[in-house]
Amino acid sequence: MNNMRLFFTFLKKNKLLVLVTSSLILLQSVATLLIPYLIAQLIDKGILEKNSSVVYSIGIKMLLTVLVGAVVGVLGSYYASEIASRFGKETRKRLFRKIQQLSLNDTNKIGVASLVTRTSSDVVNIQEVTLSLFQMVLPSPFMAIISILLAYRVSPVMTVIPLVSILIFISVITVIMFKSTRLINNIQKKMDKMTMLVRQFFKGVKIIRAFDNADFEKNKVDGSFNDFADNMIRINKYFAFLTPVAFSLNSLTMIPIIWVGSSLVAENSIQVGAITAVIGYSVLTMSSFIMTALIMFNIPRAIASLNRLQEVLVLQPEVEDEDHLVEKVDFTVQPALSFENVTFNYQGADKSVLEDLDFSINTGEVLAIVGGTGSGKSTIAKILLRFNNIQAGRILIHGTDISKILQKDLRSLISYVPQRAFLFSGTIRDNILDGNKAATPDEIRHAARVAQALPFIEEQDKKFNASVSQGGTNFSGGQKQRLAIARALIKKSHIYVFDDSFSALDYKTDAKLRAALKPELKDAVTLIIAQRISTIIDADKIIVLNEGKIVGKGTHSELIEKNPVYQELARSQNMLSESEVKKDV
Ligand SMILES: Nc1ncnc2c1ncn2[C@@H]1O[C@H](COP(=O)(O)OP(=O)(O)OP(=O)(O)O)[C@@H](O)[C@H]1O
């Protein structure tokens, strides 16, 4: 029942709409139930007694009943779809807000593909069932019970016949549901796998083609399509019985009713109208059961979908704001940024990625972090932005512990250029403005100039209005990096973090960019993460990282003189002259 909480909370929140919709739909059922009763009256009191005024007045009543039934039916359906749409809208918003609070680790637990399926297809499943619940399932037991009671009033003996049919039908449904529930529960999981493989195929299409792996990958994707289709076919094989069984039972019920009914009429135990009434009520009962049975297949699927949504909504984000501890940052305090004995490991990893990091930097200084691949450089940027919580130590901005600053406020102090420059679909202007929506055209131009992006922007036909495709695939790696740098520069911050952001630039552009950045960032802290020593040669402080530990601190000349790891790095990049090598020995 816990998994239904999401749904019941929604219904409770919208109780007025739910009440109005249910009343309208039940009213429509009452109108439907009145028709067999009126037909029986018409036959017995009007036609058989040849009373035309009764025929006329019952005819009018039937017409009015049908009209009222149609009007409330349309209104009921309209409000039922309003409920379903509202559920979709509100649930998607809740999911989206929740996903935004989650760290990368949290989202990785479920997987991006699965999150996409959950926000799209799982919500649609529940919406569809919600609509059917109101339109078919809700009136069904009401119609069935009232029909049986009304039929019983007309002829208790004949009521046994539709009751037997109902029992047979319920047994068939139970067997089918029993056999297919496991398969139905698998649908969404198989859909996740399909989405994940298709996404991966399209994202990695260049690599797949370059390595001539298209057939292998295509088989994998095809396999998931086949698996999904097989599952659906097996489910449909069971459900294929349902409709023919229901319709046959419906027809078969008529035969004994007419047979038994005719004998009773012959014995004068009942009137002819009673037979039509019992037939009418049996048809109504069976049709409401058929309707319910038809959506039965969707109910376990929707419950599985509800489970999947609930799973995301109850996730406890790894990083949460501690509202009661929020502190104001005093920007006059120095150092501007310090790491005090910081240790960090990713959730689930058995080894620390960063160990006992200790360094600080003042406003106006440039701190560079170098190290081999996997040494933990990018992780430093991630924990500074609080994408993850550290396990030990403190990170301070102007003396304030970042865990005591609201995440939103913390991130407003930092301009970040990630390792993989990501652009959004739109225009060049839109992408730069993402850093600061209030920036003026002059500021946009200035940021682009400092980021060395202006020359290639000017070459575009539409200049700043040139379109950027999803992920920025119509720009080169170096161009994307420069646009991402312009986006970071236009946001006026206290700390600028460049995570390997110059790696795709040629040496000349790299040097020009660093020269242009110097005066721009003189009142801020600059953190440059790099592999290339030429990029960080002028930094005020350099930290050398090896397997998550600081193995050297100093300026370029200090490190090149005495730090073996730095020397090795410099040597591998032909940045170590013979004379310096001698000092090393
Ligand atoms: N989300 C994650 N979950 C678990 N481990 C991770 C995660 N991200 C990175 N790691 C691990 O942490 C270590 C440091 O990664 P990080 O990206 O910080 O290295 P890096 O020095 O920036 O490397 P590169 O120069 O290659 O980008 C690596 O061993 C990596 O496998």
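Please read all numbers here as calculations on a predicted model, not as lab measurements. (Residues numbered from 1 in each chain as written. Predicted model: local features only at pLDDT ≥ 70, side-chain atom pairs only at ≥ 80, totals over all residues.)

A short note on the site of the ligand
What counts, and what does not: In this analysis a residue is considered near a molecule or strand if the C-beta atom, reconstructed from its backbone, is found within 6 Å of that molecule or strand. The secondary structure listing takes helices from DSSP runs of H or I that are at least 4 residues long and strands from runs of E that are at least 2 residues long, numbered from the N terminus. Polar here means any residue outside two lists: the nonpolar Ala, Val, Leu, Ile, Met, Phe, Trp, Tyr, Cys and Pro, and the charged Asp, Glu, Lys and Arg; Gly therefore counts as polar.
Contacts to the ligand come from 15 residues, most closely from Tyr346, Thr373, Lys377, Ser378 and Thr379. Those elements giving two or more residues to the shell around the ligand turn out to be helix H4 (104-110) and helix H13 (377-384). If one sorts the elements of the shell around the ligand by residue count, H13 sits on top with three residues. Residues of the shell around the ligand, tallied by class, amount to four nonpolar, 10 polar and one charged.

Details of unusual backbone geometry
What counts is decided by this rule: Burial is judged by counting the other C-beta atoms within 10 Å of a residue's own C-beta: 20 or more makes it buried, 12 or fewer makes it exposed, and any count in between marks it as partly exposed, with every C-beta position built from the backbone.
With an omega of 0°, the peptide bond running from Gln334 to Pro335 counts as cis. In this structure, Pro335 sits in the loop between helix H12 (298-313) and strand E1 (337-344). If you check the backbone angles, His398 has positive phi at about 45° while not being a glycine. Examined against the element boundaries, His398 turns out to sit in the loop between strand E4 (392-397) and strand E5 (400-401). Exposure remark for His398: the 19 C-beta atoms within 10 Å place this residue in the partly exposed category. In this structure, Lys463 is a non-glycine residue whose phi angle is positive, near 50°. Within the fold, Lys463 resides in the loop between helix H17 (454-459) and strand E8 (467-468).

Focus: the nonpolar core
Operational definition: For this analysis, nonpolar core means a set of buried Ala, Val, Leu, Ile, Met, Phe, Trp, Tyr and Cys residues linked through C-beta atoms within 7 Å. For each domain, the first and last residues come from an automatic or database assignment. Two residues form a contact once the distance between their C-beta atoms, set from the backbone, is within 7 Å.
Membership of the largest hydrophobic core comes to 76 residues, with the highest contact counts inside it found for Ala368, Val370, Ala486 and Val497. With seven residues, the top contributor of residues to this core is helix H18 (residues 477-490). Per-domain counts for this core show at least three residues from each of domain 2 (324-413 + 493-555) and domain 3 (420-491). Leave out the neighbours within four places in its chain, and Val370 touches Ala530, Ile533, Ile536, Ile542, Val544, Leu545 and Leu569. Counting 27 residues, the second-largest nonpolar core is a separate cluster that includes Ile43, Met158, Phe169 and Ala246.

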